[in-house]
Amino acid sequence: MDFALPPEIDDYRIRIRAFVKKHVIPVETHQGNYDEHDNIRHDLLEDLRTKAKNAGLWALQMPKEFGGQGLNVAGMAPCYEEMNRSIFGPVCFNSAAPDDGNMIVLNKIGTKAQKERWLQPIIDGEVRSSFAMTEPAPGSGSDPSAMLTTAEKKGNTWVVNGRKWFITGAGEAQHFILIARTSDHTRKGLSAFLFDADQPGWEILRRIPIMGPEEHGGHCEILFNGLEIPDENRLMDVGDGLKVAQIRLGTARLTHCMRWTGMAKRALEETLDYVAERKAFGEKLADHEGVQWLLGEAAMQIEIGRLLTMRAAVKLDSGDFARKEVSMAKVVVSETLHKAIDTAIQLRGARGYSKDTPLEWMYRYARQARLVDGSSETHKMVLSRYLLSEGIDFWSWD
Ligand SMILES: Cc1cc2nc3c(=O)[nH]c(=O)nc-3n(C[C@H](O)[C@H](O)[C@H](O)COP(=O)(O)OP(=O)(O)OC[C@H]3O[C@@H](n4cnc5c(N)ncnc54)[C@H](O)[C@@H]3O)c2cc1C
């Protein structure tokens, strides 16, 4: 077992750290650099994206022949962690959700023609994308089998009707991946499709206001009213919708973990100078045992999360779905993120609660981590199912 990073991956990591420090973190510090939804202003983003491309740090997760850097999942982990040392980081490198997960799944399962038409423009940064699965109750949420949006075959075309919501980025996306019901079959009842924002037959009902900062394009509620999708824009086979979702979500959940680990580290970093200098009751804060326990606990949980993430990454790279490993990483890292930021706010005192530091931005953002891509409870349900069927072999080595 070797925990050392390959030199070429460490080189990417070091260069990303330097890029984020020099170009991205300074942008966070002026309120005028934010758009009306608390994200980075578009003109500044485009400038940083050009700089990342020129620095050879663009689309790490994509094959070199498509303009990416060809990193495997284990290679992405330390790099994504460095990107999210800044709250604006990942999107500057084309490694933010949902484009990141959409690119990875299209690269894995798309036909050559589908990759040219739908994937390449996302890699190039020419268009943004969305993944549309979740529906208002009583439709698909934690349980995709409740899906109500239908795609009905008419000749060589699928006609889509239904409603989705919380679709990240939909307000700006051009390319959409859609999961819809194509039959009543229990396991093979869903199929996956691609559509373009310019096609008629769908509309955004509203951009749902949320607690935290928003991805570009927001989180939208969408109505499908006779959207026509040619059969050539179907992903994999009819009935493979759940499989497409699993393939997408497996890696997407893990790249969330990589980015969230970077954010949790940054939250702690925001406290370090303060606790080392600020005095209370005759001692520096860092010299109080109570403070040491808070910091030690947070540092330890972050390390646990990144080890789980790396283990799942290695397993995904081996061709395994890594369902247990991804679920464990997702629960631990999302909950660690929330707790680490909470600890950081506590230790910064009143200023931690202000907009003088990025901590309050992170805190509002972090709450979604325990819900998106499967709540902690549903991942624990999956883990308990594995435990009940595998017994003590639940814990195994590769
Ligand atoms: C900011 C944000 C962005 C999102 N982006 C997207 C996107 O781009 N595309 C998309 O398709 N969806 C997106 N979603 C939706 C997200 O994936 C769903 O919210 C999530 O899958 C949960 O579904 P739900 O909201 O319907 O919750 P429900 O299914 O109604 O569940 C509610 C709660 O019930 C509990 N629960 C559910 N099942 C169990 C169980 N088996 N055991 C114990 N407790 C359980 C959990 O606490 C859960 O949080 C986004 C959501 C948010 C908040």
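Residues numbered from 1 in each chain as written. Predicted model: local features only at pLDDT ≥ 70, side-chain atom pairs only at ≥ 80, totals over all residues.

Q: Tell me what's going on with the site of the ligand, and back it up with residues and numbers.
A: Around the ligand, 21 residues are found, and the nearest of them are M133, G141, S142, T168 and E377. Sorting the residues of the shell around the ligand by element identifies β1 (129-132), β3 (157-168) and α11 (376-390) as the ones contributing at least two each. Partitioning the shell around the ligand into residue classes produces 10 nonpolar, nine polar and two charged. Here the shell around the ligand spans two domains, and each of domain 2 (129-241) and domain 3 (245-394) adds at least three residues to it. (Near = placed C-beta within 6 Å. Helix = DSSP H or I, 4+ residues; strand = E, 2+ residues; numbered from the N terminus. Nonpolar A, V, L, I, M, F, W, Y, C, P; charged D, E, K, R; others polar. Domains from an automatic or database assignment.)

Q: Help me get a handle on the packing of helix α3 (residues 73-83) against helix α8 (residues 289-317), residues and values and all.
A: Between α3 and α8, whose axes approach to 7 Å, the crossing angle comes to 150 degrees. Between α3 and α8, the crossing angle belongs to the class labelled roughly antiparallel. The segment α3 lies against α8, with V73, A74 and A77 engaging T309, M310, A313, V314, L316 and D317. Across the contact of α3 with α8, the residue classes tally to seven nonpolar, one polar and one charged. (Axes fitted to C-alpha atoms, helices over the stretch in contact; angles between N-to-C directions. Parallel < 35°, antiparallel > 145°, perpendicular 65-115°, else oblique. Contact = placed C-beta atoms within 7 Å.)

Q: Give me the domain arrangement of the chain: which residues, what numbers.
A: Per the domain assignment, the segments of the chain are domain 1 (7-123), domain 2 (129-241) and domain 3 (245-394). Here domain 1 and domain 2 have C-alpha centroids that lie 25 Å from each other. The interface of domain 1 with domain 2 comprises 13 residues on the first partner and 15 residues on the second. Where the side of domain 1 that touches domain 2 is concerned, the elements lending two or more residues are α5 (99-109) and α6 (112-123). In the side of domain 1 that touches domain 2, the residues fall into five nonpolar, six polar and two charged.

Q: I'd like to hear about the pairing of strand β4 (residues 175-181), residue by residue, with values.
A: Counting buried residues in β4 gives seven out of seven residues, a clear majority hidden from the surface. Side chains H175, I177, I179 and R181 of β4 all project onto a buried face; the interleaved residues F176, L178 and A180 project onto the opposite face, where all are buried too. Here β1 runs beside β4; their pairing, made up of four bridges, is parallel. Counted as the bridge partner of F131 is I177 from β4. Judged from the seven bridges that link them, β4 and strand β5 (residues 190-196) form a sheet pairing that is antiparallel. Paired with A180 across the bridge in β5 is S191. (Buried ≥ 20, exposed ≤ 12 C-beta atoms within 10 Å, placed from the backbone. Pairing = 2+ DSSP bridges.)

Q: Pulling in residues and values, what's your account of the environment of W58?
A: Mapped onto the fold, W58 is located in the loop between α2 (42-54) and α3. Residue class for W58 comes out buried when judged on the 22 C-beta atoms lying within 10 Å of it. Expressed as a C-alpha distance, the spacing of W58 and F93, which sit 35 residues apart in the sequence, is 5.0 Å. Once you skip the residues sitting within four places of it in the chain, W58 turns out to touch A52, K53, F93 and N94.

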